[in-house]
Amino acid sequence: MSAHNRGTELDLSWISKIQVNHPAVLRRAEQIQARRTVKKEWQAAWLLKAVTFIDLTTLSGDDTSSNIQRLCYKAKYPIREDLLKALNMYDKGITTAAVCVYPARVCDTVKALKAAGCNIPVASVATGFPAGQTHLKTRLEEIRLAVEDGATEIDVVINRSLVLTGQWEGSDFIKTSTGKETVNATFPVAIVMLRAIRDFFWKTGNKIGFKPAGGIRSAKDSLAWLSLVKEELGDEWLKPELFRIGASTLLSDIERQIYHHVTGRYAAYHDLPMS
Amino acid sequence: MSPPRGFWVGVELPQLLLIPFPNCLYLPQAWLDTQDRCLGHYVNGKWLKPEHRNSVPCQDPITGENLASCLQAQAEDVAAAVEAARTAFKSWSAHPGVVRAQHLVRLAKVIQKHQRLLWTLESLVTGRAVREVRDGDVQLAQQLLHYHAIQASTQEEALAGWEPMGVIGLILPPTFSFLEMMWRICPALAVGCTVVALVPPASPTPLLLAQLSGELGPFPGILNVISGPASLVPVLASQPGIQKVAFCGALEEGRALRRTLAGECAELGLALGTESLLLLTDTADVDSAVEGVVDAAWSDRGPGGLRLLIQESVWDEAMRRLQERMGRLRSGRGLDGAVDMGARGAAACDLVQRFVREAQSQGAQVFQAGDVPSEHPFYPPTLVSNLPPASPCARAEVPWPVVVASPFRTAKEALALANGTPRGGSASVWSERLGQALELGYGLQVGTVWINAHGLRDPSVPTGGCKESGCSWHGGPDGLYEYLRPSGTPARLSCLSKNLNYDTFGLAVPSTLPAGPEIGPSPAPPYGLFVGGRFQAPGARSSRPIQDSSGNLHGYVAEGGAKDIRGAVEAAHQAFPGWAGQSPGARAALLWALAAALERRKSTLASRLERQGVELKAAEAEVELSARRLRAWGARAQAQGHTLQLALQTGREPPPIWRVQKALLQKFTPEIKDGQRQFCATSNYLGYFGDAKNRYQRLYVKFLENVNKKDYVRVCARKPWHRPPVPVRRSGQAKNPTSAGGSSAPPPKAPAPPPKPETPEKTTSEKPPEQTPETAMPEPPAPEKPSLLRPVEKEKEKEKVTRGERPLRGERAASGRQTRPERSLATGQPATSRLPKARPTKVKAEPPPKKRKKWLKEAGGNAAAGGGPPGSSSDSESSPGAPSEDVPTRKSPCPFCLVLEAQYGLACTDLSTPSSHLLHQPCLFMI
């Protein structure tokens, strides 16, 4: 996690001056997916880079310690060993950026990660995820408990009723959505958010992180997200401290693409370890 | 296995390197191999490779590698091509439009089948980014063919009374030759003309296109392409049978061609220059505008450079964002899929180097950035600022890929700066305020204006230029008329007088002596030159004898000179604004009156013609035809005022133009008929682009523009814009949110008294005529913000709108007439606060249809949280769902409608998606 957002005086004139032209942003979102196509070795490098941004997530009602354990192992070894060896990347320490679970599973996760012998951060969703419509007291308590259990990052669902009435909250990272909505991370919304991050950085010097979450399933999507961040914010944002992708099934598709890059064939799903 | 390249995990050096694999080179090279790397001309469905011709190498603009050699045509090759086109014209134009339409559709399909070859070849040869060719040019080419196929299939009905001109000579520039060719051949072929295109040597894509067309079968000769030097241009233009020459290229060449063709039989259409303009106002979404600059100058979409005008108050911010964005641009080989910009060969590079050097020596600041290879033909994106306005570089055409930025203070100054150039190609205006954007759009003297977009093209919207940028239109209905002439018009003949010295023409006084008695008509017609509405004596005070067909002296006419011509041109210039400002109806009336006058004098005119050797019957027919033409064009002028032509921008597919147009016209024709002041006299086209969802809101645009011009207000208060009857609900009545939207009770017999509290003189539909457009112009509604930001902006918005003044109106506002504090209603909030005043009873938002819910909630929330005037408290009490007592309830319209309501006492009909901002609306219309 980067240095915390030190915050700033709330100056609503910044917000009132913002103009967003919707069709222009839509056009930009369309362009961004077509202007940076990478192929072959370059694509492999980008995909590996994308792996290091993934918050490997499981947010199911039926999560138990066994599937958490499997997830943690996958976080530690996201790409099959022989594939990495073929790419000569085995010793580069490629892991996912974090493991993201419900607060009740933080304990299991910390344990499983310790057993796997790695220090991947544990992120926990909290504060009445995904709606955030619980009492402030329980929400704060939820965060405290999650941190006690060993979570180092908390994905807070802000109180949207406050936001909608203009009472803002600060953060180190902003997410497109919980991933549980019908429409989640989309490029036009992300463009607006990234531009806001850049403006905030220009005004205050604070770098705010960005995390698209939900609906990012294919390796190609992940590349588009990387190029979007690279184009709108620059390379300095392309590190796990400032950019994450919240996803659960993305990793297996990336692994398949790398399998294809290495072997020239597409993997059957049983060829790759499940997460 | 090669290791991943680009960036290593943990090492922060993400680089998108040039992709070195030459796979995409395979296709074009294989095609060139089929021609043995020697390209000839494609004439009459066959390759023509005459012997003993010079050849020019076709080179890769980046590596300089020889790809093929191109034979240079000579005059006899041109003649052969024109002959082939003339032969083909006979059968091609005789076929019904449907057959031509089928052929065009087949050509579109062939392009689809071979698009990879087309785009790799074009990118390889021109050096442009393959992405732009693939996603832009080739797709647009297919759309153009489909659009014109539709036009061809309805030609007999829609274009009755018009016939194809004949053989068209087409002269193409070296860059963008493929796309420019498509813009011209599609309408020409659709209406039944055949084409001979002269392309500069080393442009193989038009040849490939001709081959694809020729191999389609039954009509091989309709498209012939020859490649040759510029010296062949006059040869082609003066070939017998060429009825029109369409030229696209540099200004100087166009001028020379105009000189050459003066008096010749071929008509000339010019499209010159490449520069475009971008106006960035202080209300714009600056980030998006910066993307517009990238689209215009640094993305290989447009052929030329850009003049960028930035409002002073956002200058720093815009420049910072621009420079930041430039740093992320990537230049490289066109075939690399990840570049923004390619290279355009040594000549373009030298040109821009010279321009930048000169600009620097004239005091400009030059900023260059981006990831650009350092080799020769590459040139980095360049931003030039602080160029003194009077310096030669500021006057010169900006070359690719340079952007020349300069500041402006007010919108008025922006127009003065933007119009202060001889060029008038295309421009875009970036502003979130509709009124301002429209005002600027109309004020710009250019052919094409985009609002909040740049460089979008659509087959159904004509593009062209004015002033020095040319005089021809491409695409849309106007593009068709470029290649048509009224049926029965004789072919144009050369009217060049061989024994006349044009350099001294009109300067010397001719020596005319009395030649005998006149036997002309009695009484003799008025003597003199008819200039500026009256007869006046010629400057030389001299006359010229005119003989009739039998050689007798018919009479004397005034002998004009150069000064008289100057005077006549001046008079026409002076008359133009008044004539153009006339309503279409008035112009039509005058033309019809002229026709009637001709008919009254039919016998006199016919007898005069007869005396000149025309048979009586033919003479009468000629007079009749003249009167008919006048009537036809008068009707056309009127019809032009009635139609609103729209086209949707729907991405890659051909747009469903007809359906939409029809629906809109059905719905709004009465309204449009009554709009008295249309802008059809100007040939500006105004485009709105975007996705194609909300079609009604475009009509707001149309509507507002009429309101701006004030004449319209009175009319529309009675017209279908008028809202459906206000549903009255009694207490105890069950609320039904869905039925409210579909209420279709008969309209009230008089316009409902609008909510106009403090300006009683405007409460009825009878708006006082002294209400000027300045005071009448409503503040456009606030742009849509991302939902996270919305609630907070309202306070600021309120503050902003109360003190807001539009730059365009700044000076007039000072005149003190408009001092109504709440006249700017940027959001629904001020209007809701006013409603109670207008209607002492409680006014409350009606339960909305689904779509409107969200917006209503906000509007209600705004009123509640924004602490509106005391009166507005009733609003929050009677939120939807709360029981209401004896209150007429009304639907809450969109913010824009509230503005209209408050400003004009107008009510609007049921409209969908009210929360969207007008300028976000996706449309593209022309007036």
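Counting of residues starts from 1 at the beginning of each chain's written sequence and follows it residue by residue. Lettering for chains starts from A, numbering for ligands starts from 1, and both go in the order in which the items are written. Given that this is a predicted model, residues contribute local features only at a pLDDT of at least 70 and side-chain atom pairs are listed and counted only at 80 or more, while totals for whole chains, interfaces and linings are drawn from all residues. Only heavy atoms go into the side-chain values, all of them from the structure, while hydrogens and water stay out.

The name given to chain A in an unreviewed UniProt entry is deoxyribose-phosphate aldolase, with the source organism recorded as Theropithecus gelada. UniProt positions are given in the numbering used here, feature names are shortened, and annotations may be inferred rather than shown by experiment. Annotation of chain A in UniProt includes, under Sequence similarities (unreviewed entry), the sentence "Belongs to the DeoC/FbaB aldolase family. DeoC type 2 subfamily." Here chain A is described in UniProt, under the heading Catalytic activity (unreviewed entry), as follows: "2-deoxy-D-ribose 5-phosphate = D-glyceraldehyde 3-phosphate + acetaldehyde".

Novice: Is there a simple way to think about the sheet that holds strand S5 (residues 66-71) of chain B in this case?
Specialist: Backbone hydrogen bonds hold the strands of a sheet together, and the pairing may be parallel or antiparallel. Residue and element names in this part refer to chain B. One requirement defines pairing of two strands: DSSP has to find at least two bridges between them. Numbering of helices and strands runs from the N terminus; a helix is a DSSP stretch of H or I covering at least four residues, while a strand is a stretch of E covering at least two. The three strands lie next to each other as S1-S5-S4, forming an open sheet whose pairing is mixed. Edge strands, defined here as strands with exactly one partner in the open sheet, are strand S1 (38-39) and strand S4 (55-59). Both S1 and S5 contribute to a ladder of two bridges, which runs parallel. Paired with Cys 38 across the bridge in S5 is Ser 69.

Novice: How should I be thinking about the nonpolar core in this particular structure?
Specialist: General note: in soluble globular proteins, nonpolar side chains tend to be found buried as a group. Within this scheme, the nonpolar core is defined by two criteria: the residues are buried Ala, Val, Leu, Ile, Met, Phe, Trp, Tyr or Cys, and they are joined through side-chain atoms within 4.5 Å. Each residue is assigned to one of three classes by its accessible area relative to the maximum for its type, calculated with a 1.4 Å probe on protein chains only: buried under 20%, partly exposed between the two thresholds, exposed over 50%. By size, the foremost hydrophobic cluster in this structure holds 68 residues, and its most contacted members are Leu145(B), Leu170(B), Met181(B), Met182(B), Ile185(B) and Val195(B). Among the elements that make up this core, the one with the highest residue count is helix H7 (residues 177-191) of chain B (eleven residues). Setting aside residues no more than four positions away along its own chain, Ile185(B) makes contact with Leu170(B), Ala190(B), Val195(B), Leu209(B) and Leu223(B). Listed in part, the 66 residues of the second largest apolar core include Leu83(A), Ile208(A), Phe210(A) and Leu233(A). Contacts between residues were defined by any pair of non-hydrogen atoms, one from each residue, lying within 4.5 Å.

Novice: What should I look at first to understand the packing of helix H3 (residues 97-113) of chain B against H7(B) in this one?
Specialist: In a packed pair of helices, the relevant descriptors are the angle between the two axes and the axis-to-axis distance. Residue and element names in this part refer to chain B. One can describe the packing of H3 onto H7 by two numbers: an axis separation of 8 Å at closest approach and a directional angle of 150°. When the axes of H3 and H7 are compared, the pair comes out roughly antiparallel. In the packing of H3 onto H7, the handedness of the crossing is right-handed. Contacts between H3 and H7 involve Arg 100, Leu 104 and Ile 111 from the first element and Met 182, Cys 186, Leu 189, Ala 190 and Val 191 from the second. Lines fitted to C-alpha atoms define the axes here, with helix axes fitted over just the stretch in contact, and angles between the N-to-C directions of these axes take values from 0 to 180 degrees. Working rule for angles: under 35 degrees goes down as roughly parallel, over 145 as roughly antiparallel, 65 to 115 as roughly perpendicular, anything else as oblique. Helix crossings fall into two classes, left-handed where the near helix is turned counterclockwise from the far one by less than a right angle and right-handed where it is turned clockwise.

Novice: Honestly, unusual backbone geometry in this entry has me stumped. Any pointers?
Specialist: A negative phi angle characterises most non-glycine residues, just as the trans form characterises most peptide bonds. Across the junction of Phe129(A) and Pro130(A), the peptide omega takes the value 0°, indicating a cis bond. Among the secondary structure elements, Pro130(A) is positioned in the loop between strand S3 (122-126) and helix H7 (136-149). Note that the residue after Trp400(B), namely Pro401(B), is joined by a cis bond; omega there is -10°. Mapped onto the elements of the fold, Pro401(B) is located in the loop between helix H14 (392-395) and strand S16 (402-408). In this model, Lys40(A) sits at a positive phi of 55°, which is unusual for a non-glycine residue. Looking at the element boundaries, Lys40(A) is found in helix H3 (residues 40-51). The backbone phi angle of Lys467(B) is positive, close to 50°, even though this residue is not glycine.

Novice: Explanation requested: the pattern of salt bridges in the structure shown.
Specialist: A side chain with one charge may pair with a side chain of the opposite charge, provided their charged atoms come close. Whenever Lys or Arg places a side-chain nitrogen within 4 Å of a carboxyl oxygen from Asp or Glu, that contact is recorded as a salt bridge. Under the definition given, this model contains 53 salt bridges over all chains. Salt-bridge contacts for Asp108(A) lead to Arg105(A); the nearest nitrogen and oxygen are separated by 2.9 Å. Residue Arg105(A) is classed as partly exposed on the basis of its relative accessible area of 23%. Here Arg53(B) ties to Glu76(B) by a salt bridge, and the two come within 3.7 Å at their closest N and O atoms. With Arg53(B) in the loop between strand S3 (46-48) and S4 and Glu76(B) in helix H2 (residues 75-94), this residue pair connects regions lying 23 residues apart in the sequence.

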